[in-house]
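Residues per chain, in single letters:
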Amino acid sequence: VPTLAGFLLRYFFDRKVEKVIRIVPAVSVLTIVLIISAVVAGSAPKLLQSAGRISAGVVFLNLAGLASAFAVSKLLMRMSPAKSTSIMFDVGVQNSGLGASLAMLHLSAFAALPCAVYSVWQNISGPFIASLRVRAGRK
């Protein structure tokens, strides 16, 4: 639905979209920061108690998703390195902001904590691995 909405907005309101397109990434980042702030503020004491376990689980989940997506697409599906990299990022960088929002709405701030940590971690691991893939492509 969001992708279709983007296509329709671009098709019907292209000039207006061009005027605001430069601020959309900043609005996205601000939204994620606000969600993460709300999650952390709502569960700060529990975060201190369980930060190690949550962080280890988040890092493992992210790296396992990135590695398995790349391996399956490259080795089993015999896709090109470029396509495998694209699939790797699609799998490894998930919508943690949505997960955090849903967890806070239906569960608790503590339940949303792994999503908040994942949101931060994927913005560290993604660019790092992307730079490694770019270097590997140059060789």
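Before any of the text, the structure's been laid out above.
What you see is a predicted model; the values in this text were computed from it and never measured. Along every chain, residues carry numbers that run from 1 in the direction the sequence is written. Predicted model: local features are reported for residues with pLDDT of at least 70 only, side-chain atom pairs are reported and counted for 80 or more only, and whole-chain, interface and lining totals are derived from all residues. To obtain the side-chain values, all non-hydrogen atoms of the structure were used and water was disregarded.

Some remarks on the layout of surface pockets
A cavity here means a set of 1 Å grid points, computed over protein atoms only, where a 1.4 Å probe fits but cannot escape. A pocket is an open set with protein on both sides within 12 Å along at least 5 of 7 lines, and lining residues have an atom within 4 Å of a point. Grid points are joined across faces, edges and corners, and a volume is the space filled by probe spheres set on the points. Space inside the largest pocket adds up to approximately 160 Å³. In this text, helices come from DSSP runs of H or I with a minimum length of four residues, and strands from runs of E with a minimum of two, each type numbered from the N-terminal end. Breaking the lining of the largest pocket down by element, the ones donating at least two residues are α1 (2-12) and α2 (14-20). With three residues, α1 is the largest single contributor of residues to the lining of the largest pocket. Partitioned by chemical class, the residues of the lining of the largest pocket number six nonpolar, one polar and one charged. Throughout, the ten residues Ala, Val, Leu, Ile, Met, Phe, Trp, Tyr, Cys and Pro are labelled nonpolar, Asp, Glu, Lys and Arg are labelled charged, and all others, Gly among them, are labelled polar.

Focus on unusual backbone geometry
Of note, the phi angle at R78 is positive, near 55°, even though the residue is not glycine. The buried label applies to any residue whose accessible area, calculated with a 1.4 Å probe on protein chains only, is under 20% of its type's maximum; exposed applies above 50%, and partly exposed to all values in between. A relative accessible area of 71% means that R78 is categorised as exposed.

Concerning the side chain of N62
Position of N62 relative to the elements: it lies in helix α4 (residues 44-76). Owing to a relative accessible area of 0%, N62 belongs among the buried residues under this scheme. Within the structure, the side chain of N62 is placed 2.9 Å from the side chain of W121, a separation counted as a polar contact. Ignoring anything within four residues of it in the chain, the contact list for N62 reads G92, Y118, W121, Q122 and S125. Here a polar contact is recorded for every N or O atom pair within 3.5 Å, except that within protein the pair must consist of a potential hydrogen donor and a potential acceptor, and residues adjacent in sequence are included only if both atoms are side-chain atoms. Any two residues whose heavy atoms approach within 4.5 Å are treated as being in contact.

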